[in-house]
Protein chains: 2
Amino acid sequence: MKKATGRVKPGPMIAVTMGDPAGIGPEICLKALNAPDIQKLGRVFIIGKGSILQKNTKPAGVTAKRLRPVTEKELKDFKPGRGFIHYLDQKNISADDPKPGQPSQATGQAAVEFLERSVALWKDGLISGVVTAPISKTAVKAAGFKFPGHTEYFAKKTGTKKYAMLFDSPELKVILATVHLPLKDIFKEITTQRIFDCLEMGADYLAKLGVKNPRMAVAGLNPHAGEGGLLGREEIEIIAPAMEEARAEGLNVTGPVSPDIVFQKALKKEFDLVVALYHDQALIPLKLKSFEKAVNVTVGLPLIRTSVAHGTAFDIAGQGCADPGSLIAAIKLAARLVSK
Amino acid sequence: MKKATGRVKPGPMIAVTMGDPAGIGPEICLKALNAPDIQKLGRVFIIGKGSILQKNTKPAGVTAKRLRPVTEKELKDFKPGRGFIHYLDQKNISADDPKPGQPSQATGQAAVEFLERSVALWKDGLISGVVTAPISKTAVKAAGFKFPGHTEYFAKKTGTKKYAMLFDSPELKVILATVHLPLKDIFKEITTQRIFDCLEMGADYLAKLGVKNPRMAVAGLNPHAGEGGLLGREEIEIIAPAMEEARAEGLNVTGPVSPDIVFQKALKKEFDLVVALYHDQALIPLKLKSFEKAVNVTVGLPLIRTSVAHGTAFDIAGQGCADPGSLIAAIKLAARLVSK
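Notes on the structure in this doc start here.

The rules behind the values
Sequence order as written defines the numbering, with residues in each chain counted from 1. Each chain gets a letter, beginning with A, and each ligand a number, beginning with 1, in the order they are written. Local features in this predicted model are restricted to residues whose pLDDT is 70 or higher, and side-chain atom pairs enter the listing and the counts only when it is 80 or higher, whereas totals over whole chains, interfaces and linings include all residues. Heavy atoms from the whole structure form the basis of all side-chain values; hydrogens and water molecules are not counted. Helix and strand definitions follow DSSP, with helices as H or I runs of at least four residues and strands as E runs of at least two, each counted in order from the N terminus. With the radius of gyration taken over C-alpha atoms, the globule rule is written as 2.2 Å times the number of residues to the power 0.38. Partly exposed residues are those whose accessible area sits between 20% and 50% of the maximum for their type, while under 20% is buried and over 50% is exposed, using a 1.4 Å probe and protein chains only. Here, residues are in contact when the closest pair of their heavy atoms is within 4.5 Å. Accessible areas in this description were obtained via Shrake-Rupley with a 1.4 Å probe; residue shielding takes into account the shown protein chains only. Neither His nor the chain termini are counted; the positive set is Lys and Arg, and the negative set is Asp and Glu. Note that the charge is assigned to NZ on lysines, CZ on arginines, CG on aspartates and CD on glutamates. By the convention used here, strands pair only if DSSP detects at least 2 bridges between them. Salt bridges are defined as contacts in which a side-chain nitrogen from Lys or Arg sits within 4 Å of a carboxyl oxygen from Asp or Glu. Reported buried area values correspond to the accessible surface (1.4 Å probe) lost by two parts on association, with both partners' losses combined. Any pair of N or O atoms that falls within 3.5 Å is considered a polar contact. Within protein, one atom must be able to donate a hydrogen and the other to accept it, and sequence-neighbouring residues count only if both atoms are side-chain atoms. Under this grouping Gly is polar, as are all residues other than the nonpolar Ala, Val, Leu, Ile, Met, Phe, Trp, Tyr, Cys and Pro and the charged Asp, Glu, Lys and Arg. Each patch groups residues whose relative accessible area exceeds 30% and which form no salt bridge, using 9 Å between like charges and 5 Å between nonpolar side chains of Val, Leu, Ile, Met, Phe, Trp and Tyr. To obtain an axis, a line is fitted to C-alpha atoms, over the contacting stretch when the element is a helix, and the angle between two such axes runs from 0 to 180 degrees between their N-to-C directions. For this classification, under 35 degrees means roughly parallel, over 145 means roughly antiparallel, 65 to 115 means roughly perpendicular, and everything else is oblique. Take the far helix as your reference; a near helix turned counterclockwise from it by less than a right angle gives a left-handed crossing, and one turned clockwise gives a right-handed crossing.

1. Describing the overall build of chain A
Along chain A, the regular secondary structure elements total 13 helices and 12 strands. A compact globule built from 340 residues should have a C-alpha radius of gyration of about 20 Å, and chain A, at 20 Å, falls within 12% of that. Within chain A, the proportion of its 340 residues that are buried is 58%. Put simply, of all contacts in chain A between residues at least 6 apart along the chain, 75% involve residues at least 24 apart. Summed over all atoms, the accessible surface of chain A reaches about 13400 Å², with 52% contributed by carbon and sulfur. Side-chain charges in chain A split into 47 positive and 34 negative, and the spacing between the mean points of these groups amounts to 7 Å.

Next comes the structure, spelled out in structure tokens:
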């Protein structure tokens, strides 16, 4: 794990932020922490509110007495007991009795406070990783949250300039050179430096997962990856130099590969990771091929941060039918990354 | 079928152009015309060269004596006999003895001549549809062919200004608002008029296939379809007005739908057709989901034109292992469209 300069090495604990209290967050947090795979990790707790979690024990199918609060003081050398679900209680949040499926400024505020607590714990060296349950963009915005999403929030709070969104799924791993920008605005952000940075962050990430000599591909920007300059020159002028630099650093990189071919090849395991240049180039194939199993990872941060790839699912909140699969995958991945 | 003004109604015959003689074209033409589904259509012949087709009978697994030349004169009231594979012989082409897998200016020239003959036959009212086997862009360019591909060639030769590339597969039908342009250049081509035209051509196409009250979707341009203007304004300023116009014409249209969701919805049969705004937005999902069964159709032309979606496959030419599935699908689709 990367160690922030001048800080103590953080403890191995992983915090799961409960997300919007009116969404499926509380339910999937309980279900996930109750899952045998997560129980046996012995290092996970929820940052949430006890009373809301208690109300969600029934839909989550968890006995209420298995919930155990943990204090910040206890976290230092904490060894969660098997059979329990531990949580750090944010007692004073305003969302006291949220109605499932009805987000508000108060639920947004609560979701933000869980995040802030996670950053504070990390700064105090009490946790190494944060796994985030989904928040409502509208609700957090109403509560004054100024970031497009979790990713940018953690980058800002940890003073990180070079970071990227990466999706990790069994079928496909994709790192994004640009994310939430109008398509017209991606061109000025897709630079040789940025593509090189993505390759470097991608290689670091794969190394943490134990992938030896990772094979990475860069998607082209234009149809047929520019067809030798006939359909655009970014492949020649911007992407190829980044790949040269990466090769000079000893990285095994291929491309630019035609955007409509690169994901097929990655699915056939010809590549361990694809650098995608814009949101939909990555998200169209991901959603078609492996989204239910995908974990959203922020790479480049000094802390480990993973997330479910889905949203708050207000339409099914409180009904007991929410699938904790993505959250379980996100916690397991965080644990793998933390232990390196 | 649309009737070109001042022309006689063309006969029901469908010509299959043989494509590059050094590619898999000759082999898949023979295999496709030998297939029971195509034989029973009773209206299909190849525009190719007899001697090259003869050489391909062995890899195609077809008895040489089943090949039958047909003359232009005979085409007028032609009823192909069952059990035979008919071809119009372009005797004088220069690619006399092409080596499989080795395209040249001569094979490119031959491929162009097959196309020119098909246009001439259509102008003479002898055929209604053309199905194209793959050509080599390099070879036809060497032979002086000035078009990016078949689509633009047929548009020019039939004097058509409003046309579009459409991919038809059992899983997904997609019409493209722009095709072979650098990504940077799509913005000026994605106009309200163009999107409306695509919806209109899409509706005409689905009507020909007998789809009642077709449900069409337009993909957004930006991430999350612009998220209400936060991530781009084209959805509001350009796409929405096109959809209003289409609704005023009585069309059932949805969107703009987030580009990373619209294809999933179409795959679940929520839509009969998707209007995609640029090459990779269409081709990434198509190649991942249904490319081996996809047929490339040019809509908007006064003649029916379909094509295989794959290329010349020079690496396997002459080996007998080429799959005629896409060509068979293209011929069957052309026959459905011709008969309307």
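Following the structure, the description resumes.
2. Considerations on the pairing of strand β4 (residues 85–89) of chain B
Residues and elements named next belong to chain B. In terms of burial, β4 is largely enclosed, as 4 of its 5 residues are buried. Here strand β2 (residues 44–48) runs beside β4; their pairing, made up of 3 bridges, is parallel. Bridge pairing links I47 to L88 in β4. The pairing of strand β3 (residues 67–69) with β4 spans 3 bridges and is classified as parallel. From the neighbouring strand, R68 faces β4, where its bridge partner is H86.

3. Looking at the pattern of salt bridges
All chains considered together, the criterion is met by 32 salt bridges over all chains. In this structure, B:D37 engages B:K332 in a salt bridge whose closest nitrogen and oxygen atoms are separated by 2.7 Å. You can see B:D37 sitting in helix α2 (residues 36–39) and its partner B:K332 sitting in helix α13 (residues 325–338), a full 295 residues away along the chain. Note on B:D37: relative accessible area 31%, which makes it partly exposed. What emerges from the salt-bridge pattern is a single network uniting A:D37, A:K40 and A:K332.

4. Things to note about the environment of B:S51
Residue and element names in this part refer to chain B. Summarising the element assignment, S51 is placed in helix α3 (residues 50–55). Judged by relative accessible area, which is 34%, S51 ranks as partly exposed. The sequence separation of S51 and Q90 amounts to 39 residues, and the corresponding C-alpha distance is 9.7 Å.

5. Considerations on the interface of chain A and chain B
Taken together, the contact pairs 34 residues of chain A with 34 residues of chain B. In this assembly, chain A packs against chain B so that about 3000 Å² is buried in total across both faces, 66% of it on carbon and sulfur atoms. Between the two partners, chain A and chain B, sit 4 salt bridges. Salt-bridge contacts for A:E234 lead to B:K184; the nearest nitrogen and oxygen are separated by 3.7 Å. Counting across the chain A and chain B interface gives 10 residue pairs in polar contact (both at pLDDT 80 or more). At the level of elements, α11 (259–267) and α12 (279–289) of chain A are the ones that each hand at least two residues to the side of chain A that touches chain B. Taken together, the residues of the side of chain A that touches chain B break down into 19 nonpolar, 7 polar and 8 charged.

6. What about the environment of B:E249?
Checked against the element boundaries, B:E249 lands in the loop between α10 (234–248) and β9 (252–257). A sequence separation of 18 residues divides B:E249 from B:L267, and the C-alpha atoms of the two residues are 26 Å apart.

7. Notes on the side chain of B:S326
All names here are of chain B. By the secondary structure assignment, S326 is in helix α13. Among the polar contacts made by the side chain of S326, one reaches the main-chain amide nitrogen of A309 at a distance of 3.3 Å. Beyond its immediate chain neighbours, meaning those up to four positions away, S326 contacts E292, A294, V295, V308, A309 and H310.

8. Digging into a positive patch on the surface
Residues A:K123, A:K156, A:K157 and A:K161 make up a contiguous surface patch of positive charge. Within the secondary structure, A:K123 sits in helix α6 (residues 105–123).

9. A few points about the packing of helix α1 (residues 25–34) of chain A against helix α13 (residues 325–338) of chain A
All names here are of chain A. Put simply, α1 and α13 touch, their axes get as near as 9 Å, and they point 55 degrees apart. In terms of axis orientation, α1 runs oblique to α13. In this structure, α1 meets α13 at a crossing whose hand is right-handed. On α13, the residues that touch I28, C29, A32 and L33 of α1 are L327, I328 and I331.

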